[in-house]
Amino acid sequence: MKVICKNTNCQEFDKEVEVPDWDGLHSYGLFMLKQCPSCKKLRKAIYTQSLEEEPKGFENVAFAKIASMTPQERKKILKKRSNEHFQKHIKPRKEYLDRAIIGKE
């Protein structure tokens, strides 16, 4: 990510500086990346094409969605999520171990 200071009184005025990409986890990290070391003002971010294609941060997040559901809806959603996790991650390993115990692996 590149940033540029727009403070006319700063010695870093209008200089593009390459800073590490923001990890998308902490907003304070983004603040520190954008802060000018000379004048302590926020610099303007110049985003590259790759950053625009792959946004980071809180996008498509539904906070408190499960907590606001009725108990029946919550049970249905959590059961579906649990079943998908089982099918994707646990079932292949379980089948392999079952075959190994029997002696077919």
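Refer to the preceding data block for the structure.
Parameters and conventions
Residues numbered from 1 in each chain as written. Predicted model: local features only at pLDDT ≥ 70, side-chain atom pairs only at ≥ 80, totals over all residues. Heavy atoms only, no water. Core = buried A, V, L, I, M, F, W, Y, C linked by side-chain atoms within 4.5 Å. Buried < 20%, exposed > 50% of the residue type's maximum accessible area, 1.4 Å probe, protein only. Contact = heavy atoms within 4.5 Å. Helix = DSSP H or I, 4+ residues; strand = E, 2+ residues; numbered from the N terminus. Patch = residues over 30% accessible without salt bridge, like charges linked within 9 Å, V, L, I, M, F, W, Y side chains within 5 Å. Areas by Shrake-Rupley, 256 points an atom, 1.4 Å probe, with all protein chains shown as cover. Salt bridge = Lys/Arg side-chain N within 4 Å of Asp/Glu carboxyl O. Bend = angle between axes of the 7 residues up to and from the residue. Pairing = 2+ DSSP bridges. Axes fitted to C-alpha atoms, helices over the stretch in contact; angles between N-to-C directions.

1. Some thoughts on the nonpolar core
Then comes step 1: One finds Met1, Val3, Val19, Leu30, Leu33 and Ala45 forming the largest nonpolar core, which totals 6 residues.
Then comes step 2: Setting aside residues no more than four positions away along its own chain, Val19 makes contact with Met1, Val3, Leu33 and Arg43.

2. Some points on the environment of Leu30
Then comes step 1: Inspection of the secondary structure puts Leu30 in helix α1 (residues 27–34).
Then comes step 2: For Leu30, a relative accessible area of 19% translates into the label buried.
Then comes step 3: Separated by 10 residues in the primary sequence, Leu30 and Pro20 have C-alpha atoms spaced 10.0 Å apart.
Then comes step 4: In contact with Leu30, other than residues within four places in its own chain, are Met1 and Trp22.

3. Thoughts on a nonpolar patch on the surface
Then comes step 1: A contiguous nonpolar surface patch, about 430 Å² in accessible area, is contributed by Tyr28, Phe31, Met32 and Leu42.
Then comes step 2: Within the fold, Met32 resides in helix α1.

4. Here we look at helix α3 (residues 71–102)
Then comes step 1: Along α3, the helix axis deviates most sharply at Ile90, where the bend reaches about 50 degrees; the proline Pro92 sits within four residues downstream.
Then comes step 2: Of the residues flanking the end of α3, it is Gly103, one or two places downstream, whose phi is positive at about 105 degrees.

5. Examining unusual backbone geometry
With glycine set apart, most residues show a phi of negative sign, and most peptide bonds adopt trans.
Then comes step 1: Positive phi outside glycine occurs at Asp14, with the angle close to 60 degrees.
Then comes step 2: Look at Asp14 and you get partly exposed, because its relative accessible area is 44%.
Then comes step 3: Although it is not a glycine, Lys40 adopts a positive phi angle of roughly 65 degrees.
Then comes step 4: Note on placement: Lys40 falls in the loop between α1 and β3 (44–46).
Then comes step 5: A relative accessible area of 54% places Lys40 in the exposed class.

6. Remarks on the sheet that holds strand β2 (residues 16–18)
Then comes step 1: Pairing within the open sheet is antiparallel, and its 3 strands lie in the order β2-β1-β3. Sheet topology places β2 and β3 at the edges, where each strand pairs with a single neighbour. Within the sheet, the average angular offset between the axes of one strand and its neighbour, ignoring direction, is 35 degrees.
Then comes step 2: The pairing of strand β1 (residues 2–4) with β2 spans 3 bridges and is antiparallel. Its bridge partner lying in β2, Lys2 is registered against Glu18.

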